Every structure is written in C-alpha cells, then in structure tokens.
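# What the coordinates show
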Amino acid sequence: MSERGNLHIKGRVLAGPDDVRDELWVVDGKITYRRPPRAAGDLTRVDGWVLPGLVDAHCHVGLGAHGPVDEATTEKQALTDRDAGALLLRDAGSAADTRWVDDREDLPRIIRAGRHIARTKRYIRNYAHEIEPGDLAAYVRQEARRGDGWVKLVGDWIDRGEGDLAPCWPRWALEEAIATAHEEGARVTAHCFAESSLRDLVEAGIDCVEHATGLTEDTIPLFAERGVAIVPTLINIATFPDLAAGGEARYPRWSAHMRDLHARRYETVRAAYDAGIPVFAGTDAGGSLAHGQVADEVAELVAAGIPARDALSAATWGARAWLGRSGLEEGEPADLVVYGEDPREDVRVLGAPRVVVLRGRVVG
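Figured I'd write up the structure that's included with this text. Just so it is clear, the model here is predicted, and its values are computed rather than measured.

Attention now goes to the overall build of the protein chain. In terms of helices and strands, the protein chain carries 12 helices and 20 strands. Here the protein chain has a C-alpha radius of gyration of 21 Å; the compact-globule value for 364 residues is 21 Å, and the two agree. Expressed along its principal axes, the backbone C-alpha trace of the protein chain runs to roughly 70 × 40 × 35 Å. Relative to its 364 residues, the protein chain shows a buried fraction of 56%. Here the analysis covers contacts within the protein chain between residues at least 6 apart in sequence; of these, 65% occur between residues at least 24 apart. Distance between charge centroids for the protein chain: 3 Å, based on 44 positive and 59 negative side chains.

In structure tokens:
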C-alpha cells in the first residue's frame, strides 16, 4: 500500500455534473480546493480528468458460485474492484462476514445489506437465509441490524411447480417486513427478474429493485411515482440466454421467459429512465460474475439509451448521493480516480484509470 502523500491534481475535476474545476489538492488525506501553504510539503503532480471514486451499487464481496469464500478470495475481489476505480461498493447480500475489510485502508468502502433473505428452496444454495413468510419480518430486523442501512430480499425466483418465475412472498409479509426495516432505519431492496412480483413490492413500500427486467408500462409509472430506484445489472442480464439454454429441457416456460426479458432489456431500462425512475450502476459481481466490471456496466447503460452524462452519474455523483456518501467536496476524504481522457466524451474511458486514490493514498 502506498504511503499517504500530498497531491496536486490538475486538469478537469468533475466534482458534479455541472461543477467542473481546474484543480484540486489532497492534503492529509482530504480534498481541498484551496492552495495549501508551504508547510504542506512537497506535492506530487497528477494531470487528467478526475471523478469521485466509482460506485458499484450491486456486488457481492465474499461470495462465490457456491456460497461464502475465504478471506484471501474476498481480498482479491475487493482489490480487483479498487483497481478498476470502484471505491464504494454496495454489497447487495453476502453470506460472508466482511467486517474485517473496514480495517483495511487499502480496500474499498463497503455498504452492506446483510445476508439475502429468500423463501425456502427458492434461491441459490448456500447464499441466503431460507425461511417462510411468517418469519420474514424477524429476519429483516436481524439483517437490518447487521447491515449498513440496507436489507436484501429475494423477491422472485423459479417456482419448480409452475415451471416459471413467480413471487416469493405474499403481500402481507412484505408490508410487515418493509415496515420493520424502516423502523430500524434501513432501506429495502429486492432481487426481481419477473413482472409479477413488482407491484406488491412497490405498494408495500420498497426502496429499490435489483435487475427489474420485468418492468412494464403498467409498473413503470408506479415506480416513478413512488421514487423507487432500480439497479439493472445489465452485464448480468447478458447471461440470460445461456441460463435459458441450460434450463430449457426441464423448464421450457422459464427459459422462454428469460429470453424475452433479455431481448427487451435495453427498452426496459430506457423506458424506466425516460419515466424519471432513478437508475444506478451495479454489476452483480460475485457469485458467477467477475469483479472489476463497473466500467462495462456504465457502457451498457449508455447502450440502453441513457445519455453518457447520466450514465456517469449512475456510478459517481448520483450514486454517492443516493447512498449518502460524499464525493469531491471540500474537506471530504480523497477517494477519486484520474483518467487520461474525458469520460464525458466516451464512458469507455472508465475502463482505463490512470491513477486511483483511496483515503488520500495513491493505490493504483
């Protein structure tokens, strides 16, 4: 890990969508826009375009394809995200205890949602608490107290009896559970692929929906009216055709449904954006997807029709504000990424950070 040193960063500091400055300094780990006194010592000069540390608003640190992983693997996941410029991670469910990461100044900051809460035998094995509706509120309270202001439900999954995606929870259980989370000061999000789970979740008071591939002209206005955010995880949705092919022999209805959700994924995201639904960038890294792909997710949002400026915000200024974390404000900890070209012109620039600064230290 690099030692903390004072920096002078010059070029274009993108402190906000409408806040562009010519330079900033990092002194004692903090951001300042005031030229420091000579007492600050030597300053290392860095040139380029500066953004707040990127946000991956949906990933899973400490989780692998078959459940929790060891600390060495967890460390590798976190370092991969860090080196890609993702310095703030919303861990949207993990069976691993990753609190030790908070003691490492060289690893990204994590906002945890506790462990997934799923219906019995209705999710990936070894990932979630698998329970029945009568216990949902109690488990939500437990995970709200373990997390960092979020709780993660599995809102739908394949029902093997029906042979297709189906909601996991009755409306009464959702209302009780979401009210419980809010009493604990936590927000609630849910994994949802299908159409049928969305209305009950939103009307029960949910704060966010992950994936949200099942949004339609009937539910998009409801999301917009209630201000319910979505994290589309488009690089995960890209795997739907392969998943469908693997399950076609046993579950042909499910396979056809997954292909349809995939085929209209861009249309769905653009319709949500056009309606004013808050959209944020998340990769779903962990499990079967590699970490370090937040730049690819931002590029996918642009491919879906979201303007580059707003796609950048979905992984920087807007995402940080939504999660209650600082950006490039005066006096705040210096978590930032420097690029050799202007990411507003081409978001693919995000894939090649020149310098990564975490907690005031150059780490990449």
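All told, the structure shown has five aromatic pairs when counted by the stated rule. Ring geometry for Tyr123 versus Trp157: centroids 4.8 Å apart, planes at 75°, classification edge-to-face. Here Trp157 lies in strand 12 (residues 156–159) and Tyr123 lies in the loop between strand 9 (117–119) and strand 10 (129–131), a separation of 34 residues in the sequence. Judged by its relative accessible area of 12%, Tyr123 falls in the buried class. Since its relative accessible area comes to 18%, Trp157 is described here as buried. Linked through ring pairs, Tyr123, Tyr127 and Trp157 together constitute an aromatic cluster. A cation over a ring is seen here: Arg21 above Tyr33, with NZ or CZ 3.9 Å from the ring centre. Here Arg265 stacks its cationic end above the ring of Tyr266, 4.3 Å away from the centre of that ring.

In this section: the environment of Val362. Counting through the fold element by element, Val362 comes out in strand 20 (residues 361–362). Take Val362: its relative accessible area is 27%, and that puts it in the partly exposed class. On a C-alpha basis, the gap between Val362 and Leu336 in space is 9.5 Å, while along the polypeptide they are 26 residues apart.

Another aspect to go through is unusual backbone geometry. The phi torsion at His211 lies on the positive side, around 75°, for a residue other than glycine. One can find His211 in strand 15 (residues 208–211). By relative accessible area, His211 is classed as buried at 3%. Of note in this structure, Thr233 is not a glycine but carries a positive phi near 50°. Summarising the element assignment, Thr233 is placed in the loop between strand 16 (229–231) and helix 6 (234–237). Residue Thr233 is classed as buried on the basis of its relative accessible area, which comes to 0%.

Take the pattern of salt bridges next. Across all of its chains, the model carries 32 salt bridges by this definition. For Glu23, the salt bridge goes to Lys10, with nearest N and O atoms at 3.5 Å. Of this pair, Glu23 sits in strand 2 (residues 19–27) while Lys10 sits in strand 1 (residues 7–16), placing them 13 residues apart in sequence. Note that Asp274 and Arg270 form a salt bridge whose closest N and O atoms lie 2.7 Å from each other. Taken together, the residues span about one helical turn, with Asp274 and Arg270 both in helix 9 (residues 265–274) at a distance of four residues. One continuous salt-bridge network, built from bridges that share partners, spans Arg171, Glu175, Arg199, Asp200 and Glu203.

Moving on to the sheet that holds strand 2. Within the open sheet, the seven strands sit side by side as 3-2-1-4-18-19-20. Their pairing is mixed. The two strands at the open ends of the sheet, each matched to only one other strand, are strand 3 (30–32) and strand 20. As defined by bridge partners, strand 2 adjoins strand 3 across three bridges and the pair is classed as antiparallel. Considered in strand 3, the bridge of Val26 is made with Ile31.

Of all the positions in helix 2 (residues 136–146), only Leu136, Ala137, Val140, Glu143 and Ala144 are classed as buried. Buried residues of helix 2, viewed axially, fall in a sector of 125°; they line one side. Turning to helix 2, the residues buried within the fold contact strand 9, strand 10, strand 11 (150–154) and helix 3 (171–183).

So, about the pairing of strand 7 (residues 86–91). Burial of strand 7 is extensive: six of the six residues sit out of reach of the surface. As judged from the four bridges shared by strand 5 (residues 54–64) and strand 7, these two strands associate in the parallel manner. Counted as the bridge partner of Cys59 is Asp91 from strand 7.

As a further point, take the packing of helix 2 against helix 3. Interaxial distance between helix 2 and helix 3 falls to 8 Å at its minimum, and their mutual angle equals 25°. Relative to helix 3, the element helix 2 lies roughly parallel. The handedness of the crossing between helix 2 and helix 3 is right-handed. For the pair formed by helix 2 and helix 3, the contact residues are Leu136, Ala137, Val140 and Arg141 on the first element and Ala173, Leu174, Glu176, Ala177, Thr180, Ala181 and Glu183 on the second. Its residues assigned to classes, the contact of helix 2 with helix 3 comprises seven nonpolar, one polar and three charged.

What counts, and at which threshold
Residues numbered from 1 in each chain as written. Predicted model: local features only at pLDDT ≥ 70, side-chain atom pairs only at ≥ 80, totals over all residues. Heavy atoms only, no water. Helix = DSSP H or I, 4+ residues; strand = E, 2+ residues; numbered from the N terminus. Rg over C-alpha atoms; globule rule 2.2 N^0.38 Å. Buried < 20%, exposed > 50% of the residue type's maximum accessible area, 1.4 Å probe, protein only. Contact = heavy atoms within 4.5 Å. Lys, Arg positive; Asp, Glu negative; His and termini not counted. Charge placed at Lys NZ, Arg CZ, Asp CG, Glu CD. Phe/Tyr/Trp six-rings, centres within 6.5 Å; stacked < 30°, edge-to-face > 60°. Lys NZ or Arg CZ within 6 Å of the ring centre and 35° of its normal. Salt bridge = Lys/Arg side-chain N within 4 Å of Asp/Glu carboxyl O. Pairing = 2+ DSSP bridges. Arc of directions from axis to C-beta. Axes fitted to C-alpha atoms, helices over the stretch in contact; angles between N-to-C directions. Parallel < 35°, antiparallel > 145°, perpendicular 65-115°, else oblique. Left-handed = near helix turned anticlockwise from the far one by under 90°. Nonpolar A, V, L, I, M, F, W, Y, C, P; charged D, E, K, R; others polar.

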